[in-house]
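Chain by chain, the residues run as shown.
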Amino acid sequence: AQKVTQAQTEISVVEKEDVTLDCVYETRDTTYYLFWYKQPPSGELVFLIRRNSFDEQNEISGRYSWNFQKSTSSFNFTITASQVVDSAVYFCALSEVRNTDKLIFGTGTRLQVFP
Amino acid sequence: GAGVSQTPSNKVTEKGKYVELRCDPISGHTALYWYRQSLGQGPEFLIYFQGTGAADDSGLPNDRFFAVRPEGSVSTLKIQRTERGDSAVYLCASSLTGGDYGYTFGSGTRLTVV
């Protein structure tokens, strides 16, 4: 069965600290996609990244970086030098290649960045 | 429009009543999705439309839930005989063609059943 686990319910940091959000997934498929979304207080989900299961290279985009490790079924997200505007709920999600139109979300991690 | 629009933003209804939630996708997007997000949880898939037809409705929890997209643009999620457990934020998303990562989500409709 497909499942996404985000064990950290809430994380609080002070501005400029680095923070890592954990994501562990389960799937029977060998081909799948992993995502991270940000949900600010306004409610809409904002797409951050999509990674397919064949691409294990880490990715960096500005202050954001992602560490995909297939061996441990993890897709962790790190924010470097966090800012107050990073405060939001972050969701990790999975879709399988045979059903790419259905996203399976984790329960989310609420990140609070204090000034 | 520029984004996905959902109306109303908030809806309070009494148990047993019928409600309709509306989603206006981005113009030209053929794929449309409904998700439900309960408090403290991640969004759960409900249904996916490709054009006018429901390509996957496996997430609808029971026959009280129904969704339509008669002209391939606006979609309405309909809930009959609402129950308190239906209280959640209902999110809509659209995508240019589907099967890709280009989802744009709306801000959702917060439904409260009292």
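Up top you'll find the structure we're talking about.
Q: Which residues make up the pairing of strand S2 (residues 10-14) of chain A, and what are the values?
A: All names here are of chain A. Side chains Ile11 and Val13 of S2 all project onto a buried face; the interleaved residues Glu10, Ser12 and Val14 project onto a face where none is buried. Sheet analysis places S2 next to strand S12 (residues 109-114), joined by 5 bridges and oriented parallel. Within the sheet, the bridge partner assigned to Ile11 lies in S12 and is Leu111.

Q: I'd like to hear about the interface of chain B and chain A, residue by residue, with values.
A: Size of an interface: often given as the accessible area lost when the parts come together. Opposite the 19 residues of chain B that make contact, chain A presents 18 residues. Carbon and sulfur atoms make up 54% of the surface buried where chain B meets chain A, a total of about 1500 Å² over both sides. Our count for the chain B to chain A interface comes out at 1 salt bridge. The interface formed by chain B and chain A contains 6 residue pairs in polar contact (both at pLDDT 80 or more). Mapped by element, the contributors of at least two residues to the side of chain B that touches chain A are strand S4 (31-37) and strand S5 (44-50) of chain B. Per-element tally for the side of chain B that touches chain A: the top contributor is S4 of chain B, with 3 residues. Of the residues assigned to the side of chain B that touches chain A, the class counts are 9 nonpolar, 9 polar and 1 charged.

Q: I'd like a description of the layout of surface pockets, backed by residues and values.
A: Roughly 690 Å³ of volume is contained in the largest pocket. For the largest pocket, the lining is made up of 33 residues, of which Gln39 and Arg110 of chain A together with Gln37, Leu39 and Arg110 of chain B are closest to its centre. Elements that contribute at least two residues to the lining of the largest pocket include exactly strand S10 (88-96) and S12 of chain A together with strand S9 (88-95) and strand S11 (109-113) of chain B. One number sums up the size of the second largest pocket: a volume of about 180 Å³. Those elements that provide at least two residues to the lining of the second largest pocket are strand S11 (99-105) of chain A together with S5 of chain B. No other element matches S11 of chain A, which puts 4 residues into the lining of the second largest pocket. Tallied by class, the residues present in the lining of the second largest pocket amount to 5 nonpolar, 5 polar and 2 charged.

Q: Can you lay out the environment of Leu32 of chain B for me, pointing to particular residues and giving the numbers?
A: Residues and elements named next belong to chain B. Its location among the elements puts Leu32 in strand S4. Relative accessible area serves as the criterion here: at 0%, Leu32 is assigned to the buried category. Through-space distance from the C-alpha of Leu32 to that of Gly85 is 24 Å; in sequence the pair is 53 residues apart. Setting aside its immediate chain neighbours within four residues, Leu32 contacts Cys23, Pro25, Ile47, Tyr48, Phe49, Arg69, Ser73, Ser75, Cys92, Ala93 and Ser94.

Q: Lay out the nonpolar core with the relevant residues and their values.
A: Ranked by size, the top nonpolar core spans 24 residues in total, and within it Trp36, Phe77, Tyr90 and Leu111 of chain A carry the most contacts. Contributions of two or more residues to this core are made by S2, strand S3 (19-21), strand S5 (32-39), strand S8 (64-69), strand S9 (74-79), S10 and S12 of chain A. Per-element accounting of this core gives the leading share, 4 residues, to S10 of chain A. Each residue touching Phe77 of chain A, except ones within four places of it in the same chain, is listed here: Val19, Thr20, Leu21, Trp36, Leu48, Tyr64, Ser65, Trp66 and Tyr90 of chain A. Within the second largest apolar cluster, 20 residues are counted, among which are Leu60, Leu77, Ile79 and Cys92 of chain B.

Here is what the cut-offs are and how they apply
Residues numbered from 1 in each chain as written. Chains lettered and ligands numbered in written order. Predicted model: local features only at pLDDT ≥ 70, side-chain atom pairs only at ≥ 80, totals over all residues. Heavy atoms only, no water. Buried < 20%, exposed > 50% of the residue type's maximum accessible area, 1.4 Å probe, protein only. Helix = DSSP H or I, 4+ residues; strand = E, 2+ residues; numbered from the N terminus. Pairing = 2+ DSSP bridges. Contact = heavy atoms within 4.5 Å. Buried area = accessible area lost by both parts, 1.4 Å probe. Salt bridge = Lys/Arg side-chain N within 4 Å of Asp/Glu carboxyl O. Polar contact = N/O pair within 3.5 Å; in protein donor to acceptor, adjacent residues only side chain to side chain. Nonpolar A, V, L, I, M, F, W, Y, C, P; charged D, E, K, R; others polar. 1 Å grid on protein atoms, 1.4 Å probe; cavity = no way out; pocket = protein on both sides within 12 Å on 5 of 7 lines; lining within 4 Å. Points joined across faces, edges and corners; volume = space filled by probe spheres on them. Core = buried A, V, L, I, M, F, W, Y, C linked by side-chain atoms within 4.5 Å.

That is the geometry; function is a separate question.
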